[in-house]
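Chain by chain, the residues:
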Amino acid sequence: MCGIVGYIGKKEKKEILLDGLQDLEYRGYDSAGIAVVEGKSLQNFKAVGKLTNLREKTRNYHSEGFGAAIGHTRWATHGKPTELNAHPHMGQYSYVVHNGIIENYQALKKELAAEGVTFLSQTDTETIVHLFEQYHQASNDPFGAFEQTVKRLEGAYAILLVSEADPDAIFFAKNGSPMLIGFDGEEIYFASSDTPIIGKAKEVYYLEDGDYGYVKEGKVHLFNQSGAKSYSTQPLPTDKALAQKDGYRFFMEKEIYEQSRVMGETMMGRVLEDGIRFEELNDHLFEGINAIKICACGTSYHSALASSYLFERIAKIRCDVEIASEFRHKEPLLTNDTLFITISQSGETADTLEALKMAKRAGLRSLSICNVDNSSIVRESDATLLTRAGIEKGVASTKAFATQTMVLWMLSLWIAQQRNTIETDRLREELDAMLHTPKALIVTDALHDRIHRLSKRYLHGHGFFFIGRDLFFPLALEGALKLKEISYLHAEGYPAGEMKHGPIALADSELFTIALMPASLLYDKVKSNVEELSARDATILAISPRPFDLADDFIQTQYDSHPMLEFFEMMVVTQLLALEISIRLGNDVDMPRNLAKSVTVE
Ligand code: F6R
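The domain boundaries assigned to the chain delineate domain 1 (3-244), domain 2 (251-438) and domain 3 (445-584). Here the C-alpha centroids of domain 2 and domain 3 sit 26 Å apart. Taken together, the contact pairs 28 residues of domain 2 with 24 residues of domain 3. A combined buried area of about 2200 Å² lies between domain 2 and domain 3, and 72% of that area is made up of carbon and sulfur atoms. Counting across the interface, domain 2 meets domain 3 through one salt bridge. Where domain 2 meets domain 3, there are nine residue pairs in polar contact (both at pLDDT 80 or more). At the level of elements, helix H7 (251-267), helix H8 (298-313), helix H12 (399-419) and helix H13 (424-440) are the ones that each hand at least two residues to the side of domain 2 that touches domain 3. Ranked by residues supplied to the side of domain 2 that touches domain 3, first place goes to H8 with eight residues.

Written as structure tokens, this is what we have:
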């Protein structure tokens, strides 16, 4: 997830871009850049790291008078966070910024390279500017060339392009990634969200998927695949703080809602019709490997635990999971036929990093699943799969967990392909389920409202047990962790079948049991475990697609045919439950007491 800002008009452009990018820094901050075109002069500045570095670099640059300007703050998906990979990307006389992923960029790159184009960066984005210039050189028609370019792009994008070929214009296109146009008379702004233009523009038009066009002489020329298109603007919201959260009360809430969309980004270019492709992995990574060991902490550990069921079941490979802080001191026996996987949202967790270093010293090959490119864990690993969740601001992890679990599910299929352990029909079923995941993650008003209403009954008591079996046991652990982190109520995740071996002694009406009862995996087994608790008068909140008479409260889920779809749908329910309980208790949802987003101490 990256942030884009654009402006065309007479005001000082550098400050407009830098201020705007500052407001979008929450979307990514591994590098930033701007390009300004004034008449025949094209200026471009880029800096790695936070925006202050770009501010420093542009300290002596000012841009008065009419001109067009574009800026970008990056969260790496293709290519390392270096200056060369930072946007804007340059052709011979044009610059482009892009948010999203161009899925067919490799084919386009090949085609352009065959025509003699050289690439400076490793990004998918650079293909856009070269494609534009190729078409422009052939036609001498800047907008025609942009239109032809957009038609060649597959995937998700929000694009702004400026060029000496038409210095008084900004070309734009949107498909799948957010972008809006702000208006203040003839001054025209672009941005990935409202925040950067609040206080500057008065009216806004939120571009729709398939929209493209150009702005020139204070006018927007808008098109979609049916041709020229009219549009109407609306007043811009005025509260910046609210706008940064896109109107949600907390970042955590926003991130829960975002999961459906970011999952599309996680899968993009990786989930194909006939299998999984990871450009980042070569077959050698897996040569001679007979087992997997995963190390992680907290929520990432729960994702690891869930994936161990998938690795053994789908890829037929032994998989052990360990909490990194335990692993480090247990003098583990490591053999180099084991692939060592670390999972970390931040890539900076000290225990996970140290566990990785230990495994490397023992000669193991390593793979990290991470959300932050160029983080310490990524740099230390032989290979990395980025989760592409975008920055997660809420301390309680939500979309990071969802995307980690998705990457691990994809990896289990990728390994199954390598090891020939999966039948074609089963592979198709899994791929089909993956493609349905974004739907399973949609938060409907009815669901949120229901959880909001029933949350008032769960503010007291002497504790919560989240219970589930198989894949739903790690989800129970994660549900309990979410609740305790932000509500400060005691909660435990437990394997449903294990309750009768001790914890059932706690059962009474003040013990709240959150029962994860998927229809597609061990339903009858979990049901009898829940019946045992109900018989001891525990208060039961059942989450299931199948109605359950003994439940005191019931949340009916929609999916009932694939365990992973049930997993993701129930994950959202547990996240919302924790959120609503925390809000009712008046807690600071985004910054719970005693916790930090990145734990860089042992
Ligand atoms: C809980 C949470 C933590 C982290 C843990 C590891 O919501 O976020 O439990 O999962 O501190 O952090 P990462 O994934 O950055 O290594």
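On to the packing of H7 against H12. Where H7 contacts H12, the two axes come as close as 9 Å, and the packing angle between them is 30 degrees. In terms of orientation, H7 lies roughly parallel with respect to H12. As for how H7 packs across H12, the hand of that crossing is right-handed. Judged by residue contacts, Glu255, Glu258, Gln259, Val262, Met263, Thr266 and Met267 of H7 engage Lys399, Ala402, Thr403, Met406, Val407 and Met410 from H12.

On to the nonpolar core, then. Ranked by size, the top nonpolar core spans 93 residues in total, and within it Phe311, Ile341, Leu367, Leu411, Met434, Phe464 and Phe568 carry the most contacts. Top element by residues in this core is helix H17 (residues 563-584). It accounts for 13 residues. Per-domain counts for this core show at least three residues from each of domain 2 (251-438) and domain 3 (445-584). Not counting residues within four places of it along the chain, the set of residues in contact with Leu367 comprises Leu281, Leu285, Leu339, Phe340, Ile341, Thr342, Ser381, Ala383, Thr384, Leu385 and Leu411. Grouped together as the second largest cluster of nonpolar side chains are 25 residues, Tyr135, Ala145, Phe146 and Ile159 included.

This brings us to helix H3 (residues 105-114). Listing the buried residues of H3 in full gives Tyr105, Leu108 and Leu112. Buried residues in H3, looked at end-on, bunch into an arc of 65 degrees, giving them a common side. For H3, exposure combined with an orientation more than 90 degrees from the buried face picks out Ala107, Lys110 and Ala114. Looking at the buried side of H3, the elements it contacts are strand S6 (94-102), helix H4 (126-139) and helix H5 (142-152). Phi for Gly116, located one or two positions after H3, is positive at around 95 degrees.

Cut-offs used in this document
Residues numbered from 1 in each chain as written. Predicted model: local features only at pLDDT ≥ 70, side-chain atom pairs only at ≥ 80, totals over all residues. Heavy atoms only, no water. Domains from an automatic or database assignment. Contact = heavy atoms within 4.5 Å. Buried area = accessible area lost by both parts, 1.4 Å probe. Salt bridge = Lys/Arg side-chain N within 4 Å of Asp/Glu carboxyl O. Polar contact = N/O pair within 3.5 Å; in protein donor to acceptor, adjacent residues only side chain to side chain. Helix = DSSP H or I, 4+ residues; strand = E, 2+ residues; numbered from the N terminus. Axes fitted to C-alpha atoms, helices over the stretch in contact; angles between N-to-C directions. Parallel < 35°, antiparallel > 145°, perpendicular 65-115°, else oblique. Left-handed = near helix turned anticlockwise from the far one by under 90°. Core = buried A, V, L, I, M, F, W, Y, C linked by side-chain atoms within 4.5 Å. Buried < 20%, exposed > 50% of the residue type's maximum accessible area, 1.4 Å probe, protein only. Arc of directions from axis to C-beta.

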